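Observations on the model geometry
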Amino acid sequence: MPRTKIAGIGFYVPEQVVTNHDLMRHMETTDEWIQERSGIVERRYAKRHEETTSSLGAKAARIAIERAGITPADVDFIIFATLSPDYFFPGCGVLLQRELGITHTEIGALDIRNQCSGFVYGLTVADQFVRSGMYKNILLVGAEVHSMGLDYSTRGRNVTVLFGDGAGAVILQPTDDANQGILTSKLHSDGTHAEQLALINPGAHSGYHDHNTDFGYDESLEFGGLFLTEKMVEDGMAFPVMDGQLVFKTAVTKFPEVIKEVLDDQGFTPADIDLFIPHQANLRISQFVQKKLGLPDEKVWNNIQRFGNTTAATIPIALCEAWEAGKVKKGDLICIAAFGSGFTWGASLIRW
Ligand code: UT7
């Protein structure tokens, strides 16, 4: 059975830089608070009405496709991971297909809704498809436009300051080289705290049916359901919520656990890792995990300082930056790991 290799990689971030000082004009926050608690100095925001999640994804995808030495028409499966899709439905996978000009239909498109761990989940799904022989050129994209859905008042400051926009993409192909490719992946989930890091509305949980029908209409319920009311927007119910301390505490436990799991699976120790790419949620979380693994600074790639948390895009963006900087060489052992909303988390080991 072949292994799955990363044959091409690319990333794109919007041009507009938004600093902590820019945010201070809209909410009560400080550059010191943001840097001290998260490490973030600036992030990128997409251009309104011009850039969308699928268009950022397409820019990253084109680079990955070119670097893999193929054309868009060669892609036989698309996996798109995002929590900030262009539309409620259809998903970004088909929009990306259209944007890339892939007009043939000998292709599938799958959307992944696993937030911060979306790229690791997507990579793991793609790995199974490639190793089974089902697909030969899978395009996996992680992309987000958070900036269009954040609360820029002081009420939303604990979440808003953390997030940025961006996209990363990889092309996954089979390889017969036993010393190359994805060696193992482990995925986990625990729905106990689903609402502790979430965007609850709009959603079917509100249970609204139009009052002109008798399909369960109830005067006493807030209008909501699959759309937002003015009151919900006023009350801040249209924005993400997060119990930051719970997420932080759980993340620093789960990251080391799942990394140990993939290392043990392959008979490695942390010292065997050449480069560790953690999901970029908070520099403090990454530093904690780095210390726990005993890794020196040169074996860890962080870019949250410049891009904030781009959720499903953080790992492919960081991996691509590291590769472009010459930090990823043939034969290197790369460890990627993510934790986030769900909670869902996972890790993979890749021999480059
Ligand atoms: O990939 C998604 C996964 N998300 C994460 O991994 C996030 C994990 N959690 C975190 O990164 C941290 O919990 C935060 C950076 C979000 C917050 O840091 P913290 O040290 O846990 O702060 P806190 O939530 O306990 O808040 C401390 C204080 C509060 O004020 P009081 O109650 O002590 O008066 C907050 O209201 O800081 C206040 N605060 C802020 N102050 C200035 C919250 N956000 C801000 C802000 N600027 N942006």
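Residues numbered from 1 in each chain as written. Predicted model: local features only at pLDDT ≥ 70, side-chain atom pairs only at ≥ 80, totals over all residues. Heavy atoms only, no water.

**So, helix 3 (residues 53-67)**
Across its 15 residues, helix 3 extends 22 Å between first and last C-alpha, which sits within 8% of the 21 Å expected from 1.5 Å per residue. Taken as a whole, helix 3 has its buried residues at Thr53, Ser54, Ser55, Leu56, Gly57, Ala58, Ala60, Ala61, Ala64 and Ile65. At the C-terminal side of helix 3, Gly69 shows a positive phi close to 75°. (Helix = DSSP H or I, 4+ residues; strand = E, 2+ residues; numbered from the N terminus. Expected span 1.5 Å × (residues − 1). Buried < 20%, exposed > 50% of the residue type's maximum accessible area, 1.4 Å probe, protein only.)

**A short note on the packing of aromatic side chains**
Each aromatic ring pair is summarised here by two numbers: the centre-to-centre distance and the angle between the ring planes. Enumeration over the complete set of coordinates arrives at seven aromatic pairs. Pairing Tyr45 with Tyr152 gives two aromatic rings, centres 6.1 Å apart and planes at 65°, and the pair type is edge-to-face. Taken together, the residues span a long stretch of sequence, with Tyr45 in strand 3 (residues 42-45) and Tyr152 in the loop between strand 6 (138-144) and helix 6 (157-160) at a distance of 107 residues. Aromatic side chains Phe129 and Tyr135 sit 5.4 Å apart centroid to centroid with 90° between the ring planes, which places their arrangement in the edge-to-face category. The buried category is assigned to Tyr135, whose relative accessible area is 16%. An aromatic cluster is defined as three or more aromatic residues linked by ring pairs; in this entry it consists of Phe77, Phe129 and Tyr135. Looking at Arg306, its charged tip hangs above the ring of Phe307, at a distance of 5.1 Å from the centre. (Phe/Tyr/Trp six-rings, centres within 6.5 Å; stacked < 30°, edge-to-face > 60°. Lys NZ or Arg CZ within 6 Å of the ring centre and 35° of its normal.)

**Details of the layout of surface pockets**
Of the pockets and cavities examined, the second largest pocket occupies roughly 170 Å³. As for the second largest pocket, its lining consists of 13 residues, and the residues nearest its centre are Gln16, Val18, Tyr45, Ser147 and Tyr152. Within the residue set of the lining of the second largest pocket, elements represented by two or more residues are strand 2 (16-19) and helix 1 (20-24). Looking at side-chain class alone, the lining of the second largest pocket contains six nonpolar, three polar and four charged residues. (1 Å grid on protein atoms, 1.4 Å probe; cavity = no way out; pocket = protein on both sides within 12 Å on 5 of 7 lines; lining within 4 Å. Points joined across faces, edges and corners; volume = space filled by probe spheres on them. Nonpolar A, V, L, I, M, F, W, Y, C, P; charged D, E, K, R; others polar.)

**Focus: the nonpolar core**
Taken as a class, soluble globular proteins show a tendency for nonpolar side chains to be buried jointly. Membership of the largest hydrophobic core comes to 41 residues, with the highest contact counts inside it found for Phe255, Ile259, Phe276, Ile285, Val289, Phe339 and Leu349. Elements with a contribution of two residues or more to this core: helix 8 (244-265), helix 9 (283-293), strand 12 (333-340) and strand 13 (344-351). A total of eight residues in this core trace back to one element, the largest contributor, which is helix 8. Domain assignment of the residues forming this core places at least three in each of domain 1 (3-175) and domain 2 (181-195 + 241-351). Ignoring any residue separated from it by four or fewer positions in sequence, one finds Ile259 in contact with Phe276, Val289, Leu293, Cys335, Ala337 and Ala347. Membership of the second largest hydrophobic core comes to 38 residues, among which are Ile138, Val170, Val328 and Ile350. (Core = buried A, V, L, I, M, F, W, Y, C linked by side-chain atoms within 4.5 Å. Domains from an automatic or database assignment. Contact = heavy atoms within 4.5 Å.)

**A closer look at the domain arrangement of the chain**
What the domain assignment lists for the chain is domain 1 (3-175) and domain 2 (181-195 + 241-351). Using C-alpha coordinates to define each centre, domain 1 is positioned 17 Å away from domain 2. Taken together, the contact between domain 1 and domain 2 spans 46 residues of the former and 41 residues of the latter. By the criterion of area lost to domain 2, the three top residues of domain 1 are Phe11, Cys116 and Val120, representing 18% of everything that side buries. The interface formed by domain 1 and domain 2 includes one salt bridge. The closest approach of N and O atoms between Glu324 and Arg67, which form a salt bridge, is 3.1 Å. Linking domain 1 with domain 2 are 15 residue pairs in polar contact (both at pLDDT 80 or more), by the criterion used here. Elements that contribute at least two residues to the side of domain 1 that touches domain 2 include exactly strand 1 (3-12), helix 2 (31-38), strand 3, helix 5 (118-131), strand 6, helix 6 and strand 7 (166-175). (Buried area = accessible area lost by both parts, 1.4 Å probe. Salt bridge = Lys/Arg side-chain N within 4 Å of Asp/Glu carboxyl O. Polar contact = N/O pair within 3.5 Å; in protein donor to acceptor, adjacent residues only side chain to side chain.)

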